[in-house]
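# Survey of secondary and tertiary structure
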Amino acid sequence: MTSLNVPGKIILLGEHAVVYGRPAIAIPVHDVQAKVTISTIKDADANSIYLDAPNVHISDWVHDLSEGQPLREAIQLTLSALNIHEFPAFQLRISSTIPVASGMGSSAAVSVALIRAISIHLGNPLSIEQQSALAFEVEKLHHGTPSGIDNNVVAHEKPIFYSRGEQPQVFIPGERMVIVIADTGIPSQTAQAVEGVRERWVSDEDYYEAIFDQISDLTILAKRAIISGQISVLGPLMNQNQVLLEAIGVSSPEIEKLVQSAQSAGALGAKLSGAGRGGNIIALIDPSHEQTISDALEESGAVSIISTRVTP
Ligand code: PMV
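To keep things clear, this report deals only with the structure shown in the data block. What you see is a predicted model; the values in this text were computed from it and never measured.

## Side note on the site of the ligand
The immediate surroundings of the ligand are formed by 15 residues, with Lys-9, His-16, Ser-147, Thr-190 and Ala-275 found nearest. Between the ligand and the protein, one listed contact pairs an oxygen atom with a backbone N or O atom of His-16 at 2.9 Å. With respect to the ligand, the side chain of Ser-147 contributes an N or O atom lying 2.5 Å from an oxygen atom. Starting from 380 Å² of accessible surface for the ligand in isolation, the protein chains cover 95%. When contributions to the shell around the ligand are tallied by element, the ones reaching two or more residues are strand 1 (2–13), helix 4 (149–156) and helix 5 (190–203). Of the residues belonging to the shell around the ligand, the class tally is seven nonpolar, five polar and three charged.

## Notes on the pattern of salt bridges
Counted according to the given criterion, the structure contains nine salt bridges. For the salt bridge of Glu-209 with Arg-22, the shortest nitrogen-to-oxygen distance reads 2.5 Å. Of this pair, Glu-209 sits in helix 6 (residues 205–227) while Arg-22 sits in the loop between strand 1 and strand 2 (24–40), placing them 187 residues apart in sequence. Because the salt bridges share partners, they merge into one network encompassing Arg-22, Glu-209 and Asp-213.

## Some thoughts on the sheet that holds strand 9 (residues 269–273)
As summarised here, the arrangement of the four strands in space is 9-10-8-11, forming an open sheet in which the pairing is antiparallel. Each edge of the sheet is formed by a strand with only one pairing partner; in this case those strands are strand 9 and strand 11 (304–310). Adjacent strand axes in the sheet meet at a mean angle of 25 degrees when their direction is disregarded. Relative to strand 10 (residues 280–285), strand 8 (residues 177–183) is paired through six bridges, and the arrangement is antiparallel.

Reading the values: rules and limits
- Numbering of residues begins from 1 in every chain and follows the order in which that chain's sequence is written.
- Predicted model: local features are reported for residues with pLDDT of at least 70 only, side-chain atom pairs are reported and counted for 80 or more only, and whole-chain, interface and lining totals are derived from all residues.
- Based on all heavy atoms of the structure, the side-chain values leave hydrogens and waters out of the count.
- Neighbouring residues are identified by heavy atoms, a residue being near a molecule or strand if any of them is within 4 Å of it.
- In the analysis that follows, any N or O atom pair within 3.5 Å is treated as a polar contact, provided that within protein one partner can donate a hydrogen and the other can accept it, and provided that, for residues neighboring in sequence, both atoms belong to side chains.
- Calculation of accessible area relied on Shrake-Rupley with a 1.4 Å probe; when residues are assessed, cover is drawn exclusively from the protein chains displayed.
- To qualify as a helix, a DSSP run of H or I must reach at least 4 residues; to qualify as a strand, a run of E must reach at least 2; elements of each kind are numbered from the N terminus.
- Polar here means any residue outside two lists: the nonpolar Ala, Val, Leu, Ile, Met, Phe, Trp, Tyr, Cys and Pro, and the charged Asp, Glu, Lys and Arg; Gly therefore counts as polar.
- For this document, the term salt bridge refers to a Lys or Arg side-chain nitrogen within 4 Å of an Asp or Glu carboxyl oxygen.
- When DSSP finds two or more bridges between two strands, those strands count as paired.
- The angle between two axes is taken between their N-to-C directions and runs from 0 to 180 degrees, where each axis is a line fitted to C-alpha atoms and a helix contributes only its stretch in contact.

Remember that the coordinates give geometry; whether it matters functionally is a separate question.
See below:
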């Protein structure tokens, strides 16, 4: 039997700008996980795979799933990459505690977990880079034109500084960071949010490019602050990133209510994370304020709150 977990993620700074070639920072969130378990089925035809994914109500043979179904694609891409055509039948069970449509990398984590588990089960483990590259192909089915940040951060399971089309730079924070993640309860539709920015960018390229440049500057400063352990410098950079995300139209009243609530309750910095228009906000906090900030977020309508730690 093969069983493994892959974490969720948040984007610390740089979302949307990363689609336009600027860098972004993402960190894994181990408090939520996608899990895949594989076991051999004794009395079934060779080369067949049974998929059990209760979260998405799938319990079926993979060859009976419709063509283009992302889980089926992830499995087939992996078998092709491994160049394996003959294998004893097996069952794949997928479960996940990563909230969907909330900017926490649920689809990328499920893909990486599937790809990793199948390659281990079939005796030919793929490298992290190969897992990420295959998951990127599946991300395109989910999100249209993804930057590739989600598949990279969940495959590496480490903080990354990422620019589209380049290998991610894995880095280690100089100090422990505590981040509260609060869900607006409104689904964040990545493809739609990215498409909305694209339409506005087309009609006013100079304005959008200038904002992406400013986001890029913040992200580069943030990387330095994190590596040198200057957490107090990082907070204001996140606040400034939020203002720029509002300017490109990916925030929402619900997001801003939670961001302001965290800031008023003493967060060092707060912003939306991921595609926006809904989904999660993140707040960098001093641990001594954790309870006050969580209470304030709950009062302001957060439907769930996760506290995560990033350690040196
Ligand atoms: O909402 P998520 O977790 O899918 O993150 C989207 C991040 C974007 O920068 C908006 C899109 C991308 O592909 O990088």
